[in-house]
Amino acid sequence: VQLQASGGGLAQAGGSLLLSCAASGRTLSNYGMAWFRQAPAKEREFVAAISSLRGSTFYADPVKGRFTVSRDYAGTTMYLQMNSLKPEDTAVYYCAARWSVSDYASPLQSEYNYWGQGTLVTVSS
């Protein structure tokens with residue numbers, strides 16, 4: 001599975017961005033998916049996940065209520081709608097996928113087999 005993340009850019013604090021993660025050549029219907037991010041000089045961290053079966057979601061506390069993860073059940077694209085952006089949201093955002101026909105939205109990096117290349121989000125104050 002090849003994943004391509006896009007939609008990053010520069011936003012002002014309080015603004016919004018929409019990230020997309022597309023799979024090339026196949027459907028993602030049977031894959032659980034997630035977003036992670038890595039800020040400068042920090043470890044990569046979990047942001048949000050969505051299950052394959054019923055689209056259940058799970059969010060990291062810092063983004064809860066501001067970010068929304070969703071997926072296109074045509075089977076090729078996952079999204080991350082980011083609202084009320086803060087400077088501390090500045091990071092490279094990565095999408096990831098794992099084969100999983102379940103309703104479990106995993107926050108664990110080790111469970112994801114496929115990763116996109118990342119898209120940079122910069123939030124100015």
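Scroll up to find the structure.
Residues numbered from 1 in each chain as written. Predicted model: local features only at pLDDT ≥ 70, side-chain atom pairs only at ≥ 80, totals over all residues. Heavy atoms only, no water.

1. Notes on the nonpolar core
Reasoning step 1: Formed by 29 residues in total, the largest nonpolar core has its most connected members in Met-33, Trp-35, Leu-80, Met-82 and Tyr-93.
Reasoning step 2: Contributions of two or more residues to this core are made by strand E1 (2-6), strand E3 (17-24), strand E4 (31-38), strand E5 (45-50), strand E7 (67-72), strand E8 (77-82), strand E9 (91-99) and strand E11 (119-124).
Reasoning step 3: Leaving out residues up to four positions away in the same chain, Leu-80 has contacts with Leu-17, Leu-18, Leu-19, Trp-35, Val-47, Ala-48, Phe-67, Thr-68, Val-69 and Tyr-93. (Core = buried A, V, L, I, M, F, W, Y, C linked by side-chain atoms within 4.5 Å. Buried < 20%, exposed > 50% of the residue type's maximum accessible area, 1.4 Å probe, protein only. Helix = DSSP H or I, 4+ residues; strand = E, 2+ residues; numbered from the N terminus. Contact = heavy atoms within 4.5 Å.)

2. Overview of the state of the cysteines
Reasoning step 1: Tallied over the full model, the rule gives one disulfide.
Reasoning step 2: The disulfide partner of Cys-21 is Cys-95, and the gap between their sulfur atoms is 2.2 Å. Of note, the bridge from Cys-21 to Cys-95 carries an S-S torsion of about 70 degrees and is right-handed in sense. Of the two residues, Cys-21 sits in strand E3 while Cys-95 sits in strand E9, which places them 74 residues apart along the sequence. (Disulfide = S-S within 2.5 Å.)

3. Some words on the packing of aromatic side chains
Reasoning step 1: Scanning the model with the defined rule gives six aromatic pairs in all.
Reasoning step 2: A ring pair is formed by Tyr-31 and Tyr-114, whose centres lie 6.1 Å apart and whose planes are at 70 degrees; its orientation type is edge-to-face. Placement of Tyr-31 in strand E4 and of Tyr-114 in strand E10 (residues 114-115) is noted, with a sequence separation of 83 residues between them.
Reasoning step 3: Classification of Tyr-31 by relative accessible area gives buried; the value is 5%.
Reasoning step 4: Their ring planes at 45 degrees and their centres at 5.1 Å tell us that Phe-36 and Trp-115 sit as a pair that is tilted. Of this pair, Phe-36 sits in strand E4 while Trp-115 sits in strand E10; the two residues are 79 residues apart in sequence, bridging distant segments of the chain.
Reasoning step 5: Look at Trp-115 and you get partly exposed, because its relative accessible area is 26%.
Reasoning step 6: Residue placement shows Arg-44 over the ring face of Tyr-94; its charged tip is 5.3 Å from the ring centre.
Reasoning step 7: Of note, Arg-98 hangs over the ring of Tyr-112, and the distance from its end group to the ring centre comes to 5.9 Å. (Phe/Tyr/Trp six-rings, centres within 6.5 Å; stacked < 30°, edge-to-face > 60°. Lys NZ or Arg CZ within 6 Å of the ring centre and 35° of its normal.)

4. Focus: the environment of Val-101
Reasoning step 1: Tracing the sequence through the fold places Val-101 in the loop between E9 and E10.
Reasoning step 2: Expressed as a C-alpha distance, the spacing of Val-101 and Leu-53, which sit 48 residues apart in the sequence, is 5.9 Å.
Reasoning step 3: Ignoring anything within four residues of it in the chain, the contact list for Val-101 reads Asn-30, Ser-52 and Leu-53.

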